[in-house]
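A structural walkthrough
Below, each chain spelled out in residue letters.
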Amino acid sequence: YISNQGKKLLLFIDNANDISGSDMALVARLGCTVVLTSRMSKMDRFKSVTIDRLKNDDCLDLYKEHSEHKQEDTKTLSEIIRLADRHTLAIELLGKTQRASGKSAEYLLQLLKDNSFDLSGITEKISYLHQGERSTGEENPYENQFMEHLSAVFNIANIEGEPLRVLRLFSLLPSDPLNSTDATAWFELDDLNVLNTLEKKGWLSSVNQDGIKFSMHPVLASVVRYRGKPTCQECEHLISSLAKALSFEPTEVFTTKLPVLPFAKSVANFFMDEEASFAYSTLANKLSTIYRVLGSYAIALTYAEKAMAIRECVL
């Protein structure tokens with residue numbers, strides 16, 4: 001279909017940081033105009049265009065929009081933006097952090113300095129991969145440094161108790177929007193108060209599209225996991241909920257379960273190489289069934305073998 005559209009179609013592919021050579025060749029053969037965003041400096045078959053950071057004035061507007069403090073001293077805000085190195089996600093997060101604290105920009109700036117926050121000169125090269133998806137020996141020299149500085153904002157946000165528990169669980173999910181009904185059920189919540197609090201502080205985003213949906217930016221999820229990875233036992237209810245959501249009877253159409261697949265796969269892959277619970281074996285077994293029906297036998301076998309290994313040990 002795409003090939004038949006020719007130059008009538010403009011195709012955007014976002015975050016193409018790990019695209020393979022074969023996929024690159026396929027994209028080049030589509031016949032339409034393709035725009036890739038990537039942190040790679042050069043890609044074969046594509047003209048490279050370097051995009052710089054936002055100008056300082058645009059960063060000021062972005063900060064003010066999210067902090068809702070229009071009259072703050074420009075000199076103070078410019079110093080905050082300098083420390084954030086004009087990193088748009090960091091600026092948005094800092095603006096929301098100030099708004100949620102009810103304090104002044106001067107107060108926030110001092111907290112940032114006290115926590116040694118400074119992204120200047122740190123190149124953001126984050127894989128966004130969960131532990132179970134990362135190749136052995138694959139280390140990123142920039143990642144921990146970047147995470148350490150963004151963790152300073154996490155300290156300032158003062159997230160603890162129930163919001164911290166939910167945030168840690170949310171960090172295991174992909175960035176796909178999660179509807180509020182599933183969110184409250186999977187995280188054992190009575191209402192949306194905790195999720196709304198995290199959204200107000202900038203750690204979650206929400207959209208109202210066919211109902212309220214929440215998502216978490218992969219960089220922020222990396223920060224939360226860097227601060228402390230949840231254990232499989234802590235995620236027992238989430239894991240069981242995902243396994244239940246993937247279950248289907250022989251008379252059911254299995255494709256109705258596919259929207260849950262990215263969430264289940266993300267959580268399962270996070271604990272793939274760790275000692276897991278019986279509930280996890282059930283999730284792995286459900287994933288194996290889905291992938292078997294989809295015809296992805298190698299993936300199905302991997303999950304089936306993990307489920308069997310756990311059950312042989314537990315039973």
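For the structure, check the block above.
A short tour of the structure in this document, coming up. (Residues numbered from 1 in each chain as written. Predicted model: local features only at pLDDT ≥ 70, side-chain atom pairs only at ≥ 80, totals over all residues. Heavy atoms only, no water.)

Topic: the packing of aromatic side chains
Scanning the entire structure with this criterion turns up 6 aromatic pairs. With a centroid separation of 6.3 Å and an interplanar angle of 40 degrees, the aromatic rings of Phe248 and Phe254 are classed as tilted. Plain terms: the ring middles of Tyr291 and Tyr303 are 6.0 Å apart, the flat faces sit at 20 degrees to each other, and that makes the pair stacked. Separated by 12 residues along the polypeptide, Tyr291 in helix H14 (residues 278-294) and Tyr303 in helix H15 (residues 297-314) bring together distant segments of the chain. The buried category is assigned to Tyr291, whose relative accessible area is 7%. Tyr303 gets classed as buried once you look at its relative accessible area, which sits at 3%. (Phe/Tyr/Trp six-rings, centres within 6.5 Å; stacked < 30°, edge-to-face > 60°. Helix = DSSP H or I, 4+ residues; strand = E, 2+ residues; numbered from the N terminus. Buried < 20%, exposed > 50% of the residue type's maximum accessible area, 1.4 Å probe, protein only.)

Some thoughts on the environment of Thr33
As for its position among the elements, Thr33 is in strand S2 (residues 33-36). Spatially, the C-alpha atom of Thr33 lies 33 Å from that of Ile299, the residues being 266 residues apart in sequence. Residue contacts for Thr33: discarding those within four places in its chain leaves Lys7, Leu9, Leu10 and Leu11. (Contact = heavy atoms within 4.5 Å.)

Some words on a negative patch on the surface
Where like charges cluster on the molecular surface, the negative patch consists of Asp57, Asp58, Asp61 and Glu65. Here Asp61 lies in helix H3 (residues 56-67). (Patch = residues over 30% accessible without salt bridge, like charges linked within 9 Å, V, L, I, M, F, W, Y side chains within 5 Å. Areas by Shrake-Rupley, 256 points an atom, 1.4 Å probe, with all protein chains shown as cover. Salt bridge = Lys/Arg side-chain N within 4 Å of Asp/Glu carboxyl O. Lys, Arg positive; Asp, Glu negative; His and termini not counted. Charge placed at Lys NZ, Arg CZ, Asp CG, Glu CD.)

What to know about the sheet that holds strand S5 (residues 212-215)
Strand order in this open sheet of 3 strands is S3-S5-S4, and the pairing throughout is antiparallel. Here the strands that pair on one side only, and so sit at the sheet edges, are strand S3 (178-179) and strand S4 (205-208). (Pairing = 2+ DSSP bridges.)

Brief notes about the packing of helix H4 (residues 74-83) against helix H6 (residues 105-114)
Contact pair H4 / H6: the axes reach a minimum separation of 9 Å and the direction vectors enclose 30 degrees. Between H4 and H6, the interaxial angle falls into the category roughly parallel. The handedness of the crossing between H4 and H6 is left-handed. Contact residues: H4 offers Thr76, Leu77, Glu79, Ile80 and Leu83, while H6 offers Ala105, Glu106, Leu108, Leu109, Leu112 and Lys113. Partitioning the contact of H4 with H6 into residue classes produces 7 nonpolar, 1 polar and 3 charged. (Axes fitted to C-alpha atoms, helices over the stretch in contact; angles between N-to-C directions. Parallel < 35°, antiparallel > 145°, perpendicular 65-115°, else oblique. Left-handed = near helix turned anticlockwise from the far one by under 90°. Nonpolar A, V, L, I, M, F, W, Y, C, P; charged D, E, K, R; others polar.)

Topic: the packing of H14 against H15
Their axes nearest at 8 Å, the elements H14 and H15 cross at an angle of 155 degrees. With respect to each other, H14 and H15 are oriented roughly antiparallel. Here the hand of the crossing between H14 and H15 comes out left-handed. In contact with Phe278, Tyr280, Ser281, Thr282, Ala284, Asn285, Leu287, Ser288, Tyr291 and Arg292 of H14, H15 contributes Tyr297, Ile299, Ala300, Tyr303, Ala304, Lys306, Ala307, Ile310, Arg311 and Val314. Its residues assigned to classes, the contact of H14 with H15 shows 13 nonpolar, 4 polar and 3 charged.

Here we look at the side chain of Thr97
With respect to the element layout, Thr97 can be found in helix H5 (residues 88-101). The exposure class assigned to Thr97 is buried, which follows from its relative accessible area of 5%. The contact partners of Thr97, leaving out residues within four places of it in the chain, are Leu108, Val153, Ile156, Ala157 and Lys201.

Some remarks on the nonpolar core
Phe117, Phe187, Trp203 and Tyr280 are the most contacted members of the largest nonpolar core, which has 81 residues in total. Of the residues forming this core, the biggest block, 8 residues, is contributed by helix H7 (residues 143-157). Discounting residues that sit within four places of it in the chain, Phe187 has contacts with Arg165, Val166, Leu169, Phe170, Leu173, Leu178 and Leu238. Among the nonpolar cores identified, the runner-up in size contains 8 residues, and Ala16, Met24, Val27 and Leu36 belong to it. (Core = buried A, V, L, I, M, F, W, Y, C linked by side-chain atoms within 4.5 Å.)

Focus on the pairing of S5
As paired strands, S3 and S5 are joined by 2 bridges and run antiparallel to one another. Bridged to Asn179 within S5 is Lys213. Note that S4 and S5 share 4 bridges and pair antiparallel. Of the residues in S5, the one forming a bridge with Ser205 is Ser215. Hairpin connection of S4 to S5: 3 residues between the antiparallel strands, including Asp210 at a positive phi of 55 degrees.

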